[in-house]
Amino acid sequence: MTEGMGIGPIEIVSMALIGSGVIFFAGAVAGILRFPDYYTRIHAAGKGDTLSTLLIALGFAVYNLGDLSFHNILTSIKILMICVFIFITGPTTTHVLMEAGYALGFKHWKKDGDQEEEEP
Amino acid sequence: MENAYLETFFIGVGCTLFLLMFLVMYRIAKGPLVIDRIMGANIVGTKTMLLLVLFGLIYERVDMFVDLALTYALLNFIGSVAVAKYFRRQVAQRDATTDGTPLESGGSHD
Amino acid sequence: MMGRLLTFSFLFVLWMVFSGQFDSFHLGMGVVSAALVTGFTGAFHSGGTVKGAYDRLGRFPKLIGYFVWLVLEVFKANLHVFTLAFRPNVHEALDPQVIRFKTSLKTDFAKFVLGNSITLTPGTVTLMIEGDEFVVHAITRQAAADLPGEMERRVAEVFEA
């Protein structure tokens, strides 16, 4: 790899992926902090967390392909496997947690109802 | 890492991720429900996995750190599911001892 | 037998990717552990699950199409959450509700895929699957109105011949 400050197309693609992932994660965190009840918070968590992790990990995989060698390709495939794993388990975790909350009997926040806090 | 600009960028990404994780920590500390805390811990776990890969990239040992990250992702998923299952089973036992109504028929009992 | 062979080769390739070493010692360990895992999971090969998965390989192009559509939906979902989360008056914009609908999907795997897809698409999360009935939490009234809609049709097209 050439020494110096070169930022080629691969670096730009990976920086764009990582940057958008961080922005989506910021959205998810804002949702987690601001939404009124457990169910709406997990909407933000389940979606934002899955996509931001995917994007950032993809960015790492793309960056790692910057100098092509056999071992770097293997490492990128491993990072891609993390992506596949996250894509399957992210919604599953969301669903499991949601179901546990529903089974515990927490009421969900309604718009017109008076906004009492759910039981701790 | 040879490229100074990219190293700065990666360190910036790491710091931003850490800051956002810290904000999620508020949700873990505050609750109010126990499942809120599990959800926050799950998110912190996923992002820790990303930070591991990031460390690997910065120190040029991705091949080693990626294995750790993969294991971390697996354990994180299993941990969240196990805790959620635990609460789920507690509810099932509570239902079985109190009124005997099956849990699946609505779940709105309080 | 065919299923076992496919499982074995899949596990062995996975071993090679994860280990990254190609001397005879590591490859030998890979053969042993892939064979062991294939032996342990023998019960799955007689049942429908894995066999169905191998049958589905024939519908690979449709699967790719579904995946691309799903990724687009995931992006839409995130933009939706993003705009909701940064709105100054969050409580005005939200209107959560729980809805139930019956699905026409039959296999467990298709239901699993539909459940995960509902979770990933804008404004809805699967709460519970009871037999044929899906319980879905929607974050706005608009998102609730769109269910089950075209997603169920797409899942049925790809995962149930």
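Rules and cut-offs
Residues numbered from 1 in each chain as written. Chains lettered and ligands numbered in written order. Predicted model: local features only at pLDDT ≥ 70, side-chain atom pairs only at ≥ 80, totals over all residues. Heavy atoms only, no water. Helix = DSSP H or I, 4+ residues; strand = E, 2+ residues; numbered from the N terminus. Buried < 20%, exposed > 50% of the residue type's maximum accessible area, 1.4 Å probe, protein only. Contact = heavy atoms within 4.5 Å. Areas by Shrake-Rupley, 256 points an atom, 1.4 Å probe, with all protein chains shown as cover. 1 Å grid on protein atoms, 1.4 Å probe; cavity = no way out; pocket = protein on both sides within 12 Å on 5 of 7 lines; lining within 4 Å. Points joined across faces, edges and corners; volume = space filled by probe spheres on them. Nonpolar A, V, L, I, M, F, W, Y, C, P; charged D, E, K, R; others polar. Pairing = 2+ DSSP bridges. Axes fitted to C-alpha atoms, helices over the stretch in contact; angles between N-to-C directions. Salt bridge = Lys/Arg side-chain N within 4 Å of Asp/Glu carboxyl O. UniProt positions renumbered as here; feature names shortened; annotations may be inferred.

Asker: I keep staring at the overall build of chain B and nothing clicks. Help me out?
Answerer: Scanning chain B from terminus to terminus reveals three helices and zero strands. The burial tally for chain B puts 45% of its 110 residues in the buried class. Excluding contacts between residues fewer than 6 apart, the proportion of contacts in chain B whose partners are at least 24 apart in sequence is 43%. Surface summary for chain B: the accessible area is close to 5,700 Å², and the carbon and sulfur share equals 68%.

Asker: Is there a simple way to explain empty space enclosed by the protein in this structure?
Answerer: Unfilled space is identified by rolling a water-sized probe across the atoms. If you walk through the whole model with that rule in mind, you get one cavity of 30 Å³ or more. When its volume is computed, the largest cavity comes out at roughly 190 Å³. Counting only elements with at least two residues in the lining of the largest cavity, the list comes to helix 2 (38–64) and helix 3 (70–103) of chain A together with helix 2 (34–59) and helix 3 (62–98) of chain B. Looking at which element gives the most residues to the lining of the largest cavity, the answer is helix 3 of chain A, with seven residues. By residue class, the composition of the lining of the largest cavity is nine nonpolar, 10 polar and one charged.

Asker: In this structure, what is going on with the sheet that holds strand 1 (residues 97–102) of chain C? I would like to understand it.
Answerer: Hydrogen bonds between backbone atoms are what pair the strands of a sheet, whose relative direction is either parallel or antiparallel. Taken in spatial order, the three strands of this open sheet run 1-3-2 (chain C), and their pairing is antiparallel. In this open sheet, the two edge strands, each paired with only one partner strand, are strand 1 and strand 2 (124–130) of chain C. Between one strand and the next, the sheet's axes are offset by a mean angle of 25°, whatever the strand orientation. Bridge analysis of strand 1 of chain C against strand 3 (residues 133–138) of chain C gives six bridges, and the strand direction is antiparallel. The partner of Gln97 of chain C across the bridge, within strand 3 of chain C, is Ala138 of chain C. Lying over the sheet, helix 2 of chain A contacts strand 2 and strand 3 of chain C, oriented at roughly 105° with respect to strand 2 of chain C.

Asker: What is the right way to look at the pattern of salt bridges in this model?
Answerer: Pairing is possible between side chains of opposite charge, provided their charged atoms come close. Throughout the structure, instances matching the rule amount to eight salt bridges over all chains. As a salt-bridge pair, Asp36 of chain B and Arg41 of chain A come within 2.8 Å of each other at their nearest N and O atoms. You can see Asp36 of chain B sitting in helix 2 and its partner Arg41 of chain A sitting in helix 2, one on each of two chains. As a salt-bridge pair, Asp67 of chain B and Lys78 of chain A come within 3.1 Å of each other at their nearest N and O atoms. Linking Asp67 of chain B in helix 3 with Lys78 of chain A in helix 3, this pair reaches from one chain into another. Judged by relative accessible area, Asp67 of chain B falls into the partly exposed class, the value being 32%. Each member of the salt-bridge network shares a partner with another, and the members are Arg100, Glu130 and Glu133 of chain C.

Asker: Explain the UniProt feature "transmembrane region" (unreviewed entry) in chain A here, please?
Answerer: Residues and elements named next belong to chain A. Taking the UniProt record as the reference, the feature "transmembrane region" (unreviewed entry) is found at residues 12–33 and 45–63. Along residues 12–33, the helical share is 100% and the strand share 0%, with 32 Å between the first and last C-alpha atoms. Strand forms 0% of residues 45–63 and helix 100%; the C-alpha atoms that close the span are 26 Å apart.

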